[in-house]
Amino acid sequence: MSTYLIGDIHGCYDELRALLNQVDFNPQQDQLWLTGDLVARGPASLDVLRFVRSLGDAVRLVLGNHDLHLLAVYAGISRNKPKDRLTPLLEAQDVDELLNWLRRQPLLQLDEEKKLVMAHAGITPQWDIDTAKSCAAEVEAVLRSDTYPLFMDAMYGDMPNNWSPELKGLARLRFSTNALTRMRYCFPNGQLDMICKDSPENATPPLKPWFNIAGPVPHDYTVVFGHWASLEGRGTPEGIIGLDTGCCWGGMLTMLRWEDKQRFVQQGQHKREK
């Protein structure tokens, strides 16, 4: 049995299948972890969702910001942007089945035996593991409920950007969602900056990538994330692994085999302008 972790797929179905074929992935024996953003930008979001769902318990995934945006579009909260190439999915006969499955997926994965934790954007340095688990669970519970469109309507926004256990209601849910699915930079105290998208060498001080700010997550855990394609998987400290390498932009789809830390890549076929 092997555990494979793959960065943001973004509708790149052919590359996903080719990458899994490289290692003869067997869903009866192997496990597949996905960093989120299964959909949008690439050409085949519908095929990706159908395939990932068909793998059943062999898959452990987390939701990314583009997955949440798709759910907001489906709920009538947000606009279907042509550049996201979601129309074939939204018009598919099985769209209800697929998206009701999608909104029941987690925002955090944790394997205590492997000491492995995964979130789409990462773990804010203001959280320990238990706080990350409880905050993710709160958002997941709302997404799985019949009232999830109310949360979708309030999800967008950059505030609050500072964690406090006293946060409540939609403000707490929005902070947690931003921390788990949108975060890149933080101020030295861990407060989120939701504006800067520059590469780390061009970021305005005192902003730092979240992973360069010490937090309470124990060092024996490995944190795996996606979301940040411009990093190209580089520049993270030991114990932090970024797997988004921009497949939908003509970069690579990257996979890590956990047991020996070997990486496999598949060249993206669809170079697009950002």
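Residues numbered from 1 in each chain as written. Predicted model: local features only at pLDDT ≥ 70, side-chain atom pairs only at ≥ 80, totals over all residues. Heavy atoms only, no water.

Caption draft 1: Molecular detail of helix α1 (residues 13–22). Those residues of α1 lying buried are Y13, E15, L16, L19 and L20. Relative to the axis of α1, the buried residues are bounded by an arc of 165° and lie together on one face. As for α1, its buried residues are in contact with β1 (3–6), β2 (31–34), α2 (45–54), β11 (252–257) and β12 (262–267). The positive-phi residue at the C-terminal boundary of α1 is D24, with phi of around 50°. (Buried < 20%, exposed > 50% of the residue type's maximum accessible area, 1.4 Å probe, protein only. Helix = DSSP H or I, 4+ residues; strand = E, 2+ residues; numbered from the N terminus. Arc of directions from axis to C-beta. Contact = heavy atoms within 4.5 Å.)

Caption draft 2: Layout of the pattern of salt bridges. The tally for this structure, following the rule as stated, stands at ten salt bridges. In this structure, the salt-bridge partner of D84 is R41, at a minimum N-O distance of 2.8 Å. One end of the pair, D84, is in the loop between α3 (65–74) and α4 (87–90); the other, R41, is in the loop between β2 and α2, and 43 residues separate them in sequence. A salt bridge links R257 to D260; the shortest N-O distance between them is 2.9 Å. Look at D260 and you get partly exposed, because its relative accessible area is 43%. Residues joined by salt bridges that share partners form a network here, namely R60, D111 and K114. (Salt bridge = Lys/Arg side-chain N within 4 Å of Asp/Glu carboxyl O.)

Caption draft 3: A look at helix α6 (residues 129–144). Between its terminal C-alpha atoms α6 stretches 22 Å, which fits the 22 Å expected from 16 residues at 1.5 Å a residue. Those residues of α6 that sit buried are I129, T131, A132, C135, A136, V139, E140 and L143. Viewed along the axis of α6, the buried residues span an arc of 165°, placing them on a single side of the element. Contact partners of the buried residues in α6: α3, β4 (109–111), β5 (116–118), α7 (148–155) and α8 (169–181). Its side-chain oxygen placed 3.4 Å from the backbone nitrogen of D130, D128 serves as the N-cap of α6. (Expected span 1.5 Å × (residues − 1). Polar contact = N/O pair within 3.5 Å; in protein donor to acceptor, adjacent residues only side chain to side chain.)

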